[in-house]
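Read off the chains here:
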Amino acid sequence: MIDALSVQVAFLLFESVFCFLTALLAVSNENHRRRIRLPLTLLNLMGGLLLLSDSLSYIGLGKTDMVDLALTHISNSIVFLLCALMPPVYAVYVVVRTFGDFSLRRHAPARGRIIACMVLSGIAAILVLVSQVTGIYYTIDSGNNYHRGDWFPLSLVFPSICFLLVVSILIQYRHKLGRWQLIALSSYLIFPTVGMVIQAFSIGYSYINMGIGLSAILLFIEWTFSTNNEIRHIARTEVRTGLPNEHGCVEWLNHMHNQPELLKYTAVFFDLVKFSDINRKYGITGGNVILASYGLTLSEHLAKDELLARQYGNQFVAVIRNEHIDSFLSLLSGFPVSFYDKQAGDVREVEVAARAGVFRIDRSDMDGEDIISRAAIALSMAKTKTGAQNIFMTRELLNDLEEKRKFENEIEHGLKNDEFIPFYQPKVDAKTHTLCGAEALARWSHNGGIYPPSSFISLMEENRSICELDLMILRKVCRDLAGWIAEGLTPPTISVNFSRRNLADPEIADRINEIISASGIPHHLIEIEVTETSDEFPIQVLKKFVDALHQFGYLVSIDDFGCASSSLTLLREITFDTLKIDKGFVDKDDSKDQTILEYIVKLAKSLDLQIVAEGIEYEKQVRKLRDLGVMVIQGYFYDKPMPADGLKKRLESPHYEESKRLES
Ligand code: C2E
Ligand code: MG
Ligand code: MG
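Residues numbered from 1 in each chain as written. Chains lettered and ligands numbered in written order. Predicted model: local features only at pLDDT ≥ 70, side-chain atom pairs only at ≥ 80, totals over all residues. Heavy atoms only, no water.

Trainee: Can you walk me through the overall build of the chain in this structure?
Mentor: In terms of helices and strands, the chain carries 21 helices and 18 strands. The C-alpha radius of gyration computed for the chain amounts to 40 Å, which surpasses the reference 26 Å derived for 664 residues by more than 25%, pointing to a less compact arrangement than a globule. Dimensions of the chain along its principal axes, counting C-alpha atoms only, are 135 × 50 × 45 Å. Buried positions account for 49% of the 664 residues belonging to the chain. Contacts in the chain between residues far apart in sequence, at least 24 positions, make up 69% of those at least 6 positions apart. Approximately 31,300 Å² of the chain is accessible, and the part contributed by carbon and sulfur atoms is 58%. (Helix = DSSP H or I, 4+ residues; strand = E, 2+ residues; numbered from the N terminus. Rg over C-alpha atoms; globule rule 2.2 N^0.38 Å. Buried < 20%, exposed > 50% of the residue type's maximum accessible area, 1.4 Å probe, protein only. Contact = heavy atoms within 4.5 Å. Areas by Shrake-Rupley, 256 points an atom, 1.4 Å probe, with all protein chains shown as cover.)

Given below as structure tokens:
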């Protein structure tokens with residue numbers, strides 16, 4: 001006769017076989033990552049064993065032979081033990097499905113709940129063992145009949161709390177899960193809970209375990225169908241953070257291609273500032289953990305229809321709805337990230353700030369790559385600007401960039417075609433009114449026009465082609481000097497500007513020496529001018545460069561003296577031959593500037609430096625300087641920069657006309 005108990009036993013047995021089978025399939029399915037297969041296999045194995053034990057626990061009831069007694073005792077203890085131990089395995093499976101990976105260190109926000117789940121589960125298992133001796137959960141009488149103990153409800157309380165903890169993780173990160181994933185994972189909570197409620201009122205049937213079995217079937221079905229999704233997920237996911245990668249972000253954006261919806265978004269490309277300091281402090285591994293934790297914490301602030309992706313290194317992209325962009329950017333300006341510091345063995349907090357390039361999507365026909373690259377360009381601009389944190393990319397800015405790129409190409413062409421030439425601006429001895437030197441200043445002879453340095457120097461500094469320019473000008477100055485000497489003229493020392501960018505080349509002094517030596521001109525005819533402003537290289541690098549030039553027999557001057565904050569340090573550390581006073585100090589009649597000027601002149605004299613005043617336009621400036629004892633003057637008052645021919649004429653008649661002579 002088929003009674004209800006037999007049906008239940010059959011059903012439990014069927015479910016248990018199903019669980020064992022799914023465990024077998026899960027462990028052998030190579031399409032899924034090991035990290036997903038392992039907890040699922042374990043969960044299904046435990047589920048299978050639980051259901052098998054449960055079904056066996058009914059078979060021997062009421063029968064008192066040895067085998068039945070043993071069967072009832074063993075199977076019941078296994079059922080209780082597995083009920084206690086399964087929640088943490090389930091928690092791990094949920095974390096893996098949610099974040100694509102399981103790491104207590106990385107998933108900081110869920111960490112506390114998972115640890116609590118593990119601890120509770122351990123306590124529950126101990127109580128099951130205690131119950132074997134004390135009978136607090138259940139007893140089996142001499143007739144081999146099962147009776148609930150006084151503390152039986154406690155055996156349900158522990159797993160229930162654990163399940164609630166996992167539910168809270170599921171609810172919090174539901175946006176990371178697909179609909180079917182969420183349903184299947186929740187079923188592992190809902191079915192046994194429903195079973196528990198029924199079981200509380202009805203002794204004799206294992207509704208909880210039947211619920212577990214049913215949900216195992218559901219989990220298996222969802223898991224099987226997720227194979228394709230899983231492969232796609234891997235391709236779109238960045239391993240370290242579990243966030244979408246660049247490909248994932250492009251695909252996400254492309255879903256809205258040509259739809260008005262796309263115009264509701266802004267793309268933000270950002271990188272974490274001073275991340276190298278974090279890496280230095282916590283090591284590369286610590287840095288990686290912080291990166292992952294940062295991504296996770298930030299993603300919690302995103303709406304369901306927004307996206308955060310990791311590009312590479314410390315760079316991320318976010319696609320944010322326009323109305324949230326202000327709050328998102330203020331979040332990027334810095335927030336504390338907690339992470340597990342392996343070295344200290346403790347959870348720590350570190351403030352992480354980012355700098356962003358922002359692009360508001362303004363055309364629905366743009367594709368994902370286009371959108372990301374615009375925000376990326378904005379970020380690269382933000383990086384070159386000190387102080388400014390975020391840059392908003394606009395169409396105008398993009399056009400400017402395009403222009404700049406074209407101009408850069410033209411400059412590159414100009415360098416290849418040898419279009420840069422030196423102009424010379426004389427330096428005049430104010431006492432004798434004769435030419436006593438000159439400065440070579442670059443000009444770009446391009447498309448029939450002559451362009452001043454203001455149109456190309458800063459761009460060349462930026463892309464570092466300035467080094468090539470400086471050497472080209474030096475070569476041409478040497479060639480001009482050699483030519484004038486060959487014509488029997490006696491040219492004075494010519495100074496040539498060298499950008500501090502050249503200091504990146506450790507052999508720059510040798511290169512300079514090679515060029516000058518190859519031209520055959522005496523070394524004292526060349527003076528190298530370096531500006532004092534630049535914090536790119538430590539002062540020692542500049543000192544090494546200046547010392548090397550001195551060893552080769554060249555003069556070195558410091559240009560625009562007084563502009564930088566480190567002027568005095570520079571003078572203390574490095575021996576220069578000439579000090580060129582910045583135009584600004586001579587320009588104004590301001591009493592403060594006058595005092596500084598007097599002070600600089602005194603300082604230069606006491607350090608035995610030659611002083612050159614540049615940018616001198618008026619007679620009264622010359623007078624003032626002469627009274628202070630500055631005898632070398634460079635400026636429009638005497639001459640503007642001129643081509644080589646012009647200087648040659650000056651060399652032939654180095655005395656300035658009457659009008660330039662001051663009455664003594
Ligand atoms: P600098 O080396 O301080 O050169 C002096 C600048 O002041 C020159 O501008 C010169 O024409 C200008 N100047 C001279 N006298 C007067 C004057 O009386 N009034 C006014 N208002 N200005 C005067 P320029 O030729 O436009 O060069 C600007 C800057 O570009 C230079 O400043 C130098 O820093 C840089 N530069 C020029 N040629 C080169 C080069 O070959 N290599 C490098 N690295 N930089 C260069
Ligand atoms: Mg100069
Ligand atoms: Mg200057």
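From this point, the narrative continues.
Trainee: Sorry, what's going on with the sheet that holds strand E3 (residues 265-272) here?
Mentor: Two modes of strand pairing occur in sheets, parallel and antiparallel, and in both the strands are linked by backbone hydrogen bonds. Spatial ordering of the open sheet is given by E4-E5-E3-E8-E9, a layout of five strands whose pairing is mixed. Taken across any chain shown, the strands that pair with only one partner, and hence form the sheet edges, are strand E4 (307-310) and strand E9 (391-393). Taken over all neighbouring pairs, the strand axes of this sheet differ in orientation by 20 degrees on average, direction set aside. Looking at chain direction, E3 and strand E5 (residues 315-321) are connected through seven bridges and run antiparallel. For aspartate 271, the partnering residue across the bridge sits in E5 and is glutamine 315. The strands touched by helix H9 (residues 275-299) within the sheet are E3, E4, E5 and strand E8 (354-360), with E3 carrying the most contacts at an inclination of about 160 degrees. This element, helix H10 (residues 325-332), spans E3, E5, E8 and E9 of the sheet and lies at about 0 degrees to E3. (Pairing = 2+ DSSP bridges. Axes fitted to C-alpha atoms, helices over the stretch in contact; angles between N-to-C directions.)

Trainee: Explain the coordination of the magnesium ion (ligand 2) to me, please; I cannot follow it from the model alone.
Mentor: The reference angle at a metal is 109.5 degrees if four donors form a tetrahedron and 90 or 180 degrees if six donors form an octahedron. Binding of the magnesium ion (ligand 2) to the protein goes through Glu439 (OE), Asn497 (OD1), Glu529 (OE) and Asp559 (OD), at separations of 2.0 to 2.3 Å. The sequence pattern describing where the donors of the magnesium ion (ligand 2) fall on their chain is E-x57-N-x31-E-x29-D. A separation of 4.0 Å is found between the magnesium ion (ligand 2) and the magnesium ion (ligand 3), both of which receive a donor from aspartate 559. Of this pair, glutamate 529 sits in strand E14 (residues 526-531) while aspartate 559 sits in strand E15 (residues 555-561), and the two are 30 residues apart along the sequence. You'll find glutamate 529 and aspartate 559 in the same group, each marked buried. (Donors = N, O, S within 2.8 Å, 3.2 Å for Na, K, Ca; no water.)

Trainee: Would you mind going over the coordination of the magnesium ion (ligand 3) with me for this structure?
Mentor: Taken together, Asp559 (OD), Asp560 (OD) and Glu614 (OE) make up the protein donors of the magnesium ion (ligand 3), found 1.9 to 2.4 Å from the metal. Between the donor residues of the magnesium ion (ligand 3), the gaps in sequence give the motif D-D-x53-E. Among the residues examined, aspartate 560 registers a relative accessible area of 24% and is labelled partly exposed.

Remember that the coordinates give geometry; whether it matters functionally is a separate question.
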